[in-house]
There are 2 protein chains.
Amino acid sequence: MKQLEKLISQIASRMNAILFTQGFNADSYIRKCIPLDKMNKSYAFYGITSFHPLGFYFRHSNLAGSYFLGKCAVENSILYKSDIRGDELKTRGDIFHNQGSDIVLYDDEVIRIKGSFLIKTLVHNYSHNPENLEEFLILSTVSMHYANIHGSPTDGCFLGPFSTVDLTTLHNCVVGAYAYLQTGELSNKRIEPGQIRIRNGDIFDFSYRFPSKDLNNYIAFEHGEKPHGVFVDFTEDRKKDFQKLFAVVYLKPPIKTSECASINRYAVVKGETHVGKNVLVAQRAYLENAWLGDGTNAQENCYIINSRLEGNNVTAHGAKIIHAQLENKVFVGFNSFLQGSSNCPLTIGKESIIMPHAIIDLKEPLDIPPKHLVWGLIRNRKDVEKHSILLEELSLFDGELSRGLMRFKGSGSAFVNAFKDRIEHILETNGAYFDGSKNKGHAQMGRDISFNIIQPYPRGPLEGIYPTIAIHS
Amino acid sequence: MKQLEKLISQIASRMNAILFTQGFNADSYIRKCIPLDKMNKSYAFYGITSFHPLGFYFRHSNLAGSYFLGKCAVENSILYKSDIRGDELKTRGDIFHNQGSDIVLYDDEVIRIKGSFLIKTLVHNYSHNPENLEEFLILSTVSMHYANIHGSPTDGCFLGPFSTVDLTTLHNCVVGAYAYLQTGELSNKRIEPGQIRIRNGDIFDFSYRFPSKDLNNYIAFEHGEKPHGVFVDFTEDRKKDFQKLFAVVYLKPPIKTSECASINRYAVVKGETHVGKNVLVAQRAYLENAWLGDGTNAQENCYIINSRLEGNNVTAHGAKIIHAQLENKVFVGFNSFLQGSSNCPLTIGKESIIMPHAIIDLKEPLDIPPKHLVWGLIRNRKDVEKHSILLEELSLFDGELSRGLMRFKGSGSAFVNAFKDRIEHILETNGAYFDGSKNKGHAQMGRDISFNIIQPYPRGPLEGIYPTIAIHS
C-alpha cells in the first residue's frame, strides 16, 4: 500500500499548505476517516449508455465504489464510495447563458478531479463558472461523508460531512458539517457547521444557522474523530442492504416498472414499494415501503421509508423521508432529514418546498400546510411558525425579514421564482414530463446502462492504486 | 446491433476471400455459430496482478466472456467466451533461442488480435515466430468452439471446433475439427478433421488420423450446422455450473488450499475435491470429486471428474478425465477425452504420456502401463496395442514405424525427449517445483488477481460493441 499511503500524504499536505491561513489542519480530520484496509476491497464502476458522450481517464488513483456517467478524468485522487455523475454535463456547441451573454461551448464538458480525496461524496450537474465552462474542476479538495458538490468547481477546499456546495465556485474555503452554500462564488472563507446561505448578488440573501447544540446531535465532526450523530447512525444501519447489490454482476429488477421509469440496479428496493410512470430511482437510493407517484424522483443517497409521495415529488441527493405523506410536487432539498414515526406521522401539503438541509424530527404528529417554504429544525407544531413562510407571502415581500434564526434580505419574488424554476427544471431533466415521445429525461434514459467494474492492483507497491485507464467511444 | 452485424459480415467476407483458393466458404460455417442475441449478455474481464506487465487495448470489438493477463490488443474482432491468456508472453530484454541464434527482444510481447472471430477459443503461450517475436498476431482468423491457439500466430485461417494449433505459424489454412498441428510452419493447406501431426523438420514426423466414422460420434461439424457430438454434449451439460461463477463479483475460495496453490475464481469446484501444494487450477477448469496431488495442474477448459491424480500431473487445456486414477507425472494433452465409468475405471501408470487429442472411451476397465506414449482412439484392452508404445522402445527407434493408423518417421529419441522436456517445462512454469522461495510459477502467482469487468453498449447502433479502452500501468 506504499503508493496509496503516499498519495494520501500528498493530498493532505497540500491541503494543509493551502488552508494554513484559515488556521485549518486537514490532517487531523482526514486520518481517522481513511479506511485504508478497505480501499482495495470495494470496486469502482462506470456506466456506458448510448445517450452520454463516453470519455474516462483514470490515472494513479483509488476509485473504490465510484461511478461515472459522462466524461470524467481522475488523477492522483481518491474517490472512496463517491458518485461522480456526469449525465448533466454540457456538450460541445451548447449555449450557456450568463449575465445576458450567450457563450458557445468549444468542447464537451469534463469533470476533472485532481489531487483530491472525496469520501462518499456526490458530484453532479455542471460547472456554472463562465471562466471555464468546458471543465468542472475539483482540485486539491477534500470532501467528507455525504457531502454534495453540485455544479460547484472547488479548489483548495475542505468540505465537512453532509455539507453541500451548490452552483458555487469555491476557492480555498473550509465548509463545516451540514453547511449549505449557494452563493455564486466564495474565496478564502471558513463556513461554520450548520450554516445555510443562499445568495444571488444584491437580489436576495437567505441565511440560517443551526444552533451548535442541536446540530451536534445529528452530525458532529471534531479533530481526530470520525463524524458521528443521528445522520451517521442512520446510514450505517442501512449499509448492509447496499452490500448485497454490489456483490453480484447482474441483478433482476426488484419490481416491475413502466417502460418510462427506471430503478438503478444499485438502488435498494424493499418491502411494499410502488414506482409510478416517469419515476427515476437513482443509484444508492434506498426505498422501503415507499409509494412513488408518477413523475417523482428519488436521487442518489436519498432514503424513502414507510412514506407515500403523491407525484412529481423531488427527493434531492441525500434527503431522507421517513413515515411521511407528501402531496403533489412537494420538493425535499439536499440532505434534508424528515423523520416521522408511526405514532407521529408527517404530512406535507402540495407544492411546499422543504429547503436543503432542513431537519423535521417529530415528537408529535405534524401537518405542514401546502405552498410553504420550510427551513431549519422542526420538532413540533410550534416550531413550524418560526421555520416556515407561505410562498405567496414571501413573494410579495421586498426588504429585510427575520423569523426565528432566519434572516432574509432582498426580493422575495426573485427568491421564490428561482426555487420554482429550479424545481421545474429538475422535474423536466429527470423525465417527469415525458409524454411517450417528447421530454425524455433520466427516468427514461437510465433504463439501459452497462456497468463496467474496475479494480486496483491486489498486491505489491501499487496495491490499492488503479491502473491507468482511458476509455472513449 | 447494426455495428456488430456489420463487423461479423466484414470478418466473414475477408475469410471467404482469403480461403477462396481452398474452396472454402466460411460464411456457412460461421453463421450458425453466432449467438447474436447473447453477445451483449455476457461480460468480458481482464486480470490485473503485480506480476504481469499491464497493457490492454480494445477497439471496435465484442469481447463477451474473454479474459486477459499480459499485454493484449484487440481490434475489429469478436472474442466470444474466449480466454486470451498472456501470462507466458516474452518481455523486453528476454533472449529467444532459435536455430543456434540468441535473439534479444526489443519490447514486451503483445497478443494482437485483428479482424478475427474466436468462439470459446483458448489463446496461450507465446509466439515462436522469429520474424516477429514481439507480436503474437492473430489476423483475419476464425476459430470455433474449444479450439486452442497455442503459441501459434495465424493469419487468414479457419480453425474447426476442438482443433489445436501448437507452436506453429499458420498462413491461409483450414484446420478441421479435432485436428492437432505442431509443425513449425504451414501455408495454404487444408487439414482434415481428426488429423494429428507432430513434425520437427527432418528430425521426426508423427501422424495419425481418426477414422471419420468414429470421430463424428465425438465431434462433427458440417456446412450450416452447429458443431455436435459427445464433446459438445459433455460441455453443454456442465455449462450451468460456470454461469453461477460469472454472476457474482467476489467469490470465496470454494475449498482451502495451501499458500502455494491457487484455484482461479472462475473455476468450478464441486463434490469432495482436494487440491495439494503447488497446484494450479486455471480459470474455466472444472473439478468434481477430484483429488489433485502436489504439483498437479488443471488448465483452462479441462474437466477432472471422479478421478485421482497422484502428483505432478499435467492436464492440458481442454483435456477431460473422468473416473480415472493417474499415477505420478502422467501427462494428458490438449483436448484429450479420457472417459472411464464406475464400472469401467481407467488407470494410467506413472510418467505415461497421453498425447494431445487422444480419446479413451471405455467399455471395460483398463490399465495403461507406466511410461507409455498413447494416441488415437482406445475403447478396450485390445485397442491399447495399436495405440501406444513404451517410451523407451520409441527412444531406441530411428527410421519408419507404423502401428495401426499411426505413422512415425525419424528419431524416436528426439521425439520422446522433446515431449519430456516440454512436460518438465510446463510443470516448472506452472509452479510445480516451488520450494517456498525459488521456482515460483502460475500456481503461486495466480493467487492475487483483480478482475475488471467490462461490458458493451447496451442499446443503439453500437449495441454489443465495446467502447475503446486503453489500460496500462
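Above: the structure in question.
Reading guide: rules and limits
Residues numbered from 1 in each chain as written. Chains lettered and ligands numbered in written order. Predicted model: local features only at pLDDT ≥ 70, side-chain atom pairs only at ≥ 80, totals over all residues. Pairing = 2+ DSSP bridges. Helix = DSSP H or I, 4+ residues; strand = E, 2+ residues; numbered from the N terminus. Axes fitted to C-alpha atoms, helices over the stretch in contact; angles between N-to-C directions. Contact = placed C-beta atoms within 7 Å. Nonpolar A, V, L, I, M, F, W, Y, C, P; charged D, E, K, R; others polar. Buried ≥ 20, exposed ≤ 12 C-beta atoms within 10 Å, placed from the backbone. Least-squares fit on C-alpha atoms with pLDDT ≥ 70 in both.

## Here's the deal with the sheet that holds strand β44 (residues 398–403) of chain A
Residue and element names in this part refer to chain A. With mixed pairing, the 10 strands of this open sheet are ordered in space as β3-β6-β11-β14-β17-β20-β23-β24-β45-β44. Of all strands in the sheet, those with a lone pairing partner are β3 (67–69) and β44, marking the two edges. Strand-to-strand twist across the sheet, computed as the mean angle between neighbouring axes with direction ignored, equals 5 degrees. Relative to strand β6 (residues 83–85), β3 is paired through three bridges, and the arrangement is parallel. The residue bridging Leu69 from the neighbouring strand is Arg85, located in β6. Here helix α8 (residues 412–429) sits on the sheet in contact with β23 (195–200), β24 (204–209), β44 and β45 (406–411), set at roughly 100 degrees to β45.

## Digging into the interface of chain B and chain A
Contacts between the two partners involve 31 residues from chain B, matched on the other side by 31 residues from chain A. Those elements giving two or more residues to the side of chain B that touches chain A turn out to be α5 (239–247), β46 (450–454) and β47 (468–472) of chain B. Of the residues that constitute the side of chain B that touches chain A, the class distribution is 20 nonpolar, nine polar and two charged.

## Regarding the environment of Phe58(B)
Residues and elements named next belong to chain B. Within the secondary structure, Phe58 sits in strand β2 (residues 55–59). For Phe58, a count of 26 C-beta atoms within 10 Å translates into the label buried. Counting along the chain gives 171 residues from Phe58 to Gly229, while the straight-line C-alpha distance between them is 34 Å. Among residues more than four places away in sequence, those in contact with Phe58 are Leu63, Val74, Tyr466, Thr468 and Ile469.

## Examining the relation of the copies chain B and chain A
If you rotate chain B by 180 degrees and push it 0.0 Å along the axis, it lands on chain A with an RMSD of 0.0 Å. When the rotation and shift are considered jointly, the pair of chain copies conforms to a two-fold rotation axis. Residue Val248(B) of chain B places its C-alpha closer to the rotation axis than any other residue of that unit, at 2.0 Å. A shared interface surface links the copies, since 100% of the contact residues of chain B are contact residues in chain A too.

## Observations regarding the sheet that holds strand β35 (residues 331–332) of chain B
Residues and elements named next belong to chain B. Within the open sheet, the eight strands sit side by side as β25-β28-β30-β32-β35-β38-β41-β43. Their pairing is mixed. Each of the sheet's edge strands pairs with one partner strand only, and the pair in question is β25 (262–263) and β43 (388–390). Both strand β38 (residues 353–354) and strand β41 (residues 372–374) contribute to a ladder of two bridges, which runs parallel. Along β41, the bridge assignment pairs Ile354 with Val374.

## Quick notes on the pairing of strand β29 (residues 286–292) of chain B
All names here are of chain B. The pairing of strand β26 (residues 268–270) with β29 spans three bridges and is parallel. Looking at β29, one finds that Val269 is bridged to Leu287. The sheet contact formed by strand β27 (residues 274–275) and β29 spans two bridges and is parallel. Pairing of Val275 across the sheet is with Leu292, part of β29. Summarising the sheet, β29 and strand β31 (residues 303–309) pair through six bridges and their orientation is parallel. Note on β31: the bridge partner recorded for Glu288 is Ile305.

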